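Per-entry structural report
If you want the building blocks of each chain, they are given just below.
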Amino acid sequence: MHSGLCLPYQMAGTSTRISIPGFVLDKPRNSSAIVPRQVGFGRTTLPQASSSWFVGRKTRRFCGIVNSKSREGSSSSSSAVEDDEGDKNAVLLGTEKDESGAVVGFRLIPDSGNAKVNEPHATVSIDKKKADPSDSTADSRFPRVTFNIIFVTSEAAPYSKTGGLGDVCGSLPIALAARGHRVMVVSPRYLDGGASDKRFSNAVPVREPIKVYCAGGVQEVSFYHEYREGVDWVFVDHPSYHRPGTPYGDQFGAFGDNQFRFTLLCHAACEAPLVLPLGGFTYGEKCIFLANDWHAGLVPVLLAAKYRPHGVYKDARSIVVIHNLAHQGVEPAATYDNLGLPPDWYGAVGWIFPTWARTHALDTGEAVNVLKGAIVTADRILTVSQGYSWEITTVEGGYGLDELLSSRKTVLNGITNGIDMCEWDPSSDVHIPSHYSLDDLSGKVKCKIALQEELGLPVRADCPLIGFVGRLDYQKGIDILLSATPELMQEDVQFVMLGSGERQYEDWMRQLESQYKEKYRGWVGFNVPISHRITAGCDILVMPSRFEPCGLNQLYAMRYGTVPVVHKTGGLRDTVENFNPYAREGRGEGTGYVTCS
């Protein structure tokens, strides 16, 4: 039995859904709200009643019979049938007791065949506190279970961010902590010597440095800690994280020692719950590790190869979360010794490139693939949308791992990303010049005019303003967008782009701006306030991604009343409902436009 997270669920025949603070929830189809119909977390269907209930990792089976009074909140927990006489003569076949000796389960068989027997049901109370009757998310039939959750990630906003990974790992831990879980986020302490170093100013050193073995020697790392919004933010400190650029590279490309830098992160993350006395005591061995992408992919392998053979972390569980399968942490096979794994575990991460991908005739194609090792050893595999969980099992979307992922379909699921509704709220956004809401959209027009003025475009409220925010690379379909821009500029529109990435696309944006001064603006780089102002000020947001595991910008756009135009792939297909002008007796229905090409 594997421990699991408290996920949203839907009971049979209802539309009940657990809400997670700070994340977008469902809205009815006929709602006029700006938010989309399907955003936030996915659902897991559970049966109406079950004879098997999960308490931690131990399964307790009992066939209790509960009458209608007890379902309505009766204080009597011993009533098994609606006939009093039958209750007196009922036979107790057995009891289930917890560690303290208290009876938590029973099995009663009524003596009389006249008694009305209800559907088998039993209630297990894990939380000693009385449930709040005003809490619509509470369901007394399900146990309240909390976990020690360890997020391992290469970036977490606001400390470090290059895309959706940073957003999710900066917001989801806070939402889980609000539900009662004890949550730690382990990420590198990136210092570039500039103003951005202030993001770590509230993090203080905790305990003395520790030593970990990898890269053929002993490495010394330190930990910094900040407790914020119910979450323990732990930063791994090492000289390899102190350099200009992004978490992964600089203007010259990806850092050559990224395998070492993130191997170090994984080793330190496995040690952190054991050695850091946060809040007065450590997290201990009974944890759930959430390893995000290949940068944290060595964590499940280390648990299996380094710790469990010695009886450590035997009750821990690991989940690998795939935000982007295209990046797998592949390096030459000779670098295996740098990972700090036992020699006999090479098979877990060993990888053979297909013949067509090899560099020359004598190339054997042997390599190590960190993400492959995570997929092999993790207890569960998650993607950031339902659509993407299917796409990665296909040849087209599997990037060489489709057969392996297909073999693990029983533990592969997709949960759609959510957004931080406090940060992305047009009625209170600190980055936009005028606030607005569903009831009063006049502020959106003011945001559009302010954006046109800021970018030096002609101020025209009646001219469609199109926006793009994202990385400038092949995945995002940026070449398609830029090649179509000259034709688009023949129309009466304005177009603004924000992003950084491949040099050729950055230069292309500069060229288009000089050519279409009255219609086009390209902002090379990434700026959080500008991204908010583009989302609020534009009428349309385009996302021509070739593949998109989830995507957050389309969620932001719908939240801000901006129409998303997206490619029908991955999470974009899952979250944007294609507009149908003929639905609802001609009144229309949908949240954006979904294109197939």
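Look a little higher up for the structure.
A few points on the structure. For clarity, every value in this text was computed on a predicted model and none was experimentally measured.

Further remarks concern the overall build of the protein. Helix and strand content of the protein: 16 helices and 27 strands. For the protein, the residues scored as buried account for 50% of the 597 residues in total. For the protein, long-range pairs separated by at least 24 residues make up 67% of all intrachain contacts whose partners lie at least 6 apart in sequence. For the protein, the exposed area adds up to about 27800 Å²; of that, 52% sits on carbon and sulfur atoms.

All right, on to the packing of aromatic side chains then. The tally for this structure, following the rule as stated, stands at 16 aromatic pairs. Ring geometry for Tyr-159 and Trp-233: centres 5.5 Å apart, planes at 50°, overall tilted. Here Tyr-159 is found in the loop between β7 (148-152) and α3 (164-178), whereas its partner Trp-233 is found in strand β12 (residues 231-237), with 74 residues between them in sequence. With 5.3 Å between their ring centres and 70° between their planes, Tyr-307 and Tyr-313 make a pair best called edge-to-face. For the pair Tyr-307 and Tyr-313, a shared accessibility class is recorded, and that class is buried. Joined through ring pairs, the aromatic side chains of Tyr-159, Phe-200, Trp-233 and Phe-235 make up one cluster. Across the ring face of Tyr-283, the terminal group of Arg-182 is positioned such that the distance to the ring centre comes to 3.9 Å. Over the ring of Tyr-474 we find Arg-546; its NZ or CZ atom is 3.8 Å from the centre of that ring.

Quick look at a nonpolar patch on the surface now. There is a patch of nonpolar side chains on the surface, built from Val-563, Phe-579 and Tyr-593 and spanning about 240 Å² of accessible area. Here Val-563 lies in strand β26 (residues 563-567).

Remark: helix α11 (residues 478-488) packs on helix α12 (residues 503-515), axes separated minimally by 11 Å, with the N-to-C direction vectors making an angle of 20°. Relative to α12, α11 is oriented roughly parallel. Crossing of α11 over α12 shows left-handed handedness. Where α11 abuts α12, its residues Ile-478, Asp-479, Leu-482, Ser-483 and Thr-485 lie against Tyr-505, Trp-508, Met-509 and Leu-512.

A covalent bond bridging the sulfur atoms of two cysteines is what the word disulfide describes. Across all of its chains, the model carries zero disulfides by this definition. Cys-266 supplies the cysteine sulfur nearest to Cys-270, a cysteine that is in no disulfide, at a spacing of 7.0 Å. A relative accessible area of 0% places Cys-270 in the buried class.

Right, let's get into helix α5 (residues 298-307). Buried residues dominate α5, accounting for nine of its 10 residues. Where α5 is buried, its residues contact β7, α4 (258-275), β15 (288-292), β16 (317-322) and α7 (370-377).

Glancing now at the packing of α5 against α7. At a minimum axis distance of 7 Å, the contact between α5 and α7 shows a crossing angle of 55°. Judged by the inter-axis angle, α5 sits oblique to α7. Like other packed secondary-structure pairs, α5 and α7 cross with a definite hand, here left-handed. Where α5 approaches α7, its residues Leu-298, Pro-300 and Val-301 are matched on the opposing element by Val-370, Gly-373, Ala-374 and Thr-377. In terms of residue class, the contact of α5 with α7 is built from five nonpolar, two polar and no charged.

In this section: the pairing of strand β19 (residues 366-369). Sheet topology note: the strand β17 (residues 330-332)/β19 ladder contains three bridges and is antiparallel. From the neighbouring strand, Val-330 faces β19, where its bridge partner is Asn-369. Relative to β19, strand β18 (residues 350-352) runs antiparallel, the two sharing three bridges. Looking across to β19, one finds that Gly-350 is bridged to Val-368.

On to the pairing of β15, then. Of all five residues making up β15, five are buried, and the element is well covered by its neighbours. Here β15 shows no split at all, with Ile-288, Leu-290 and Asn-292 on one side and Phe-289 and Ala-291 on the other all buried. Pairing geometry for β7 and β15, over four bridges, is parallel. Bridging from a neighbouring strand, Val-152 pairs with Ala-291 of β15. Note: β15 against β16, five bridges, orientation parallel. When the bridges of β16 are listed, Ala-291 appears paired with Val-320. Crossover connection from β15 via α5 to parallel β16: handedness right-handed.

Our next topic: the sheet that holds β19. One open sheet accounts for three strands, arranged β17-β19-β18; its pairing is antiparallel. Taken across any chain shown, the strands that pair with only one partner, and hence form the sheet edges, are β17 and β18. Neighbour-to-neighbour, the strand axes of this sheet turn through a mean angle of 45°, independent of strand direction. Seen against the sheet, α7 touches β18 and β19 and runs at an angle of roughly 60° to β19.

A few words on the sheet that holds strand β25 (residues 540-543). With respect to topology, six strands assemble into an open sheet ordered β24-β23-β22-β25-β26-β27, the strand pairing being parallel. On the outer flanks of this sheet lie β24 (520-524) and β27 (593-595), each paired with one strand and no other. On average, each strand axis in the sheet is tilted by 15° relative to the strand beside it, whichever way the strands run. With five bridges joining them, strand β23 (residues 494-499) and β24 adopt parallel strand pairing. Paired with Leu-498 across the bridge in β24 is Trp-523. Against the sheet, helix α10 (residues 442-455) makes contact with β22 (465-469), β23 and β24, and its axis sits at roughly 70° relative to β22, the strand it touches most.

Definitions and limits used
- Per-chain numbering applies: the sequence of each chain, read as written, is numbered from 1 onward.
- Predicted model: local features are reported for residues with pLDDT of at least 70 only, side-chain atom pairs are reported and counted for 80 or more only, and whole-chain, interface and lining totals are derived from all residues.
- Values reported for side chains reflect all heavy atoms of the structure, with hydrogen atoms and water molecules removed beforehand.
- Secondary structure elements are defined from DSSP: runs of H or I of at least 4 residues count as helices, runs of E of at least 2 residues count as strands, and each element is numbered from the N terminus.
- Partly exposed describes any residue whose relative accessible area lies between the buried limit of under 20% and the exposed limit of over 50%, with all areas from a 1.4 Å probe on protein chains only and scaled to the type maximum.
- The criterion used for residue contact is that any of the two residues' heavy atoms lie within 4.5 Å.
- Where accessible areas are quoted, they stem from the Shrake-Rupley method and a 1.4 Å probe; at the residue level, only the protein chains shown are allowed to cover.
- Note on aromatic pairs: the rings of Phe, Tyr and Trp (six-membered ring only in Trp) are paired at centre separations within 6.5 Å, and the planes decide the class, stacked below 30 degrees, edge-to-face beyond 60, tilted for the rest.
- In this analysis the charged atom, NZ for Lys or CZ for Arg, is taken to sit over a ring once it is within 6 Å of the ring centre and within 35 degrees of the ring normal.
- Only residues whose relative accessible area exceeds 30% and that form no salt bridge enter a patch; like-charged residues are grouped when within 9 Å of one another, and nonpolar side chains (Val, Leu, Ile, Met, Phe, Trp, Tyr) when within 5 Å.
- For salt bridges, the criterion is a side-chain nitrogen of Lys or Arg within 4 Å of an Asp or Glu carboxyl oxygen.
- Comment: axis = line fitted to C-alpha atoms, over the contacting stretch for helices; angle = value between 0 and 180 degrees taken between N-to-C directions.
- In these notes the angle categories are as follows: under 35 degrees is roughly parallel, over 145 is roughly antiparallel, 65 to 115 is roughly perpendicular, and the rest is oblique.
- Should the near helix be turned anticlockwise from the far one by less than a right angle, the crossing is termed left-handed; should it be turned clockwise, right-handed.
- Count a disulfide wherever a pair of cysteine sulfur atoms falls within 2.5 Å.
- Three classes are used, and their members are as follows: Ala, Val, Leu, Ile, Met, Phe, Trp, Tyr, Cys and Pro are nonpolar, Asp, Glu, Lys and Arg are charged, and the others, Gly among them, are polar.
- Two strands qualify as a pair provided that DSSP identifies no fewer than 2 bridges between them.
- Crossover handedness is defined by viewing with both strands directed away from the observer: a clockwise path from the first strand over the helix to the second marks the crossover as right-handed.

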